Amino acid sequence: MGESSPSDGHDLDGMAIDFDVYLWHSPMITEVAVHLTGDTDSLIMTTCRTAPGYPTLEIAAELERIWLRDLRYRHLEVHMITANRRAVRLDAVTQIAPDDFYVTAAIVAETARPATGEATG
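What comes next is a walk through the structure.

Rules of the game
Numbering of residues starts from 1 in each chain and follows the order in which that chain's sequence is written. Totals for whole chains, interfaces and linings use every residue, but because this is a predicted model, local features are given only for residues with pLDDT of at least 70 and side-chain atom pairs only at 80 or more, for both listing and counting. Side-chain numbers here rest on the full set of heavy atoms in the structure, without hydrogens or water. Put simply, DSSP H or I for four residues or longer makes a helix, DSSP E for two residues or longer makes a strand, and each gets a number counted from the N terminus. Contacts were defined at the residue level, with two residues in contact if any of their heavy atoms lie within 4.5 Å. Accessible surface is estimated by sampling points in the Shrake-Rupley manner with a 1.4 Å probe; for residues, cover comes only from the protein chains shown. Asp and Glu count as negative and Lys and Arg as positive, but His and the ends of the chain are not part of the count. Every charge is mapped onto a representative atom, which is NZ of Lys, CZ of Arg, CG of Asp or CD of Glu. To sort residues, take the accessible area from a 1.4 Å probe on protein chains only and compare it with the maximum for the residue type: under 20% means buried, over 50% means exposed, and anything in between is partly exposed. We treat two strands as partners when DSSP finds at least two bridges between them. Think of a salt bridge as a Lys or Arg side-chain nitrogen and an Asp or Glu carboxyl oxygen that are within 4 Å of each other.

**Some thoughts on the overall build of the chain**
- Of regular secondary structure, the chain possesses two helices and five strands.
- In sequence order, the chain lays out its α and β elements as α-β-β-α-β-β-β.
- Put simply, of all contacts in the chain between residues at least 6 apart along the chain, 52% involve residues at least 24 apart.
- Summed over all atoms, the accessible surface of the chain reaches about 7100 Å², with 52% contributed by carbon and sulfur.
- Seen as two clouds, the 9 positive and the 19 negative side-chain charges of the chain have centres 10 Å apart.

**Some thoughts on the pairing of strand 5 (residues 102-110)**
- Most of strand 5 is tucked away, with eight of its nine residues classed as buried.
- In terms of strand pairing, strand 2 (residues 44-50) meets strand 5 through six bridges, oriented parallel. Across the sheet, R49 pairs through a bridge with E110, a residue of strand 5.
- By the bridge criterion, nine bridges tie strand 4 (residues 87-95) to strand 5 in an arrangement that is antiparallel. Opposite A87, over in strand 5, you have E110 as the bridge partner.
- Taken together, strand 4 and the strand that follows it, strand 5, pair antiparallel across an intervening segment of six residues, in which D99 is found at a positive phi of about 60°.

**Some words on the pattern of salt bridges**
- Summed over all chains, the structure comprises five salt bridges.
- For R49, the salt bridge goes to E31, with nearest N and O atoms at 3.6 Å. In this pair, R49 sits in strand 2 while E31 sits in strand 1 (residues 29-36), placing the two residues 18 residues apart along the sequence.
- For R49, a relative accessible area of 34% puts it in the partly exposed group.
- One salt-bridge network, held together by shared partners, links E31, R49 and E110.

Here it is, written out as structure tokens:
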């Protein structure tokens, strides 16, 4: 982000609250935990659990939709999505204005596994 500085204080706290609120609005998400890390590579780390029955591609599209529509700043954003059978991860950076502060973030959505029908205990 060159000459820019990472977000902090109330701005970063507000962004963390937005992550919590907008991810909970998704019918695909059943749990959300948002943490401020202090690490400029990922200032906000969010972990989620998805509801059963959603394929990985749908979860990835949902995370991308929430990021682009509700979370990113309008000046600049870059994101990357990676996925496997157990999780979908969105890594992103967004900047509020030229030469102004930025936010880096990661959202990891752990996919729900279908019940195996095996008894436990």
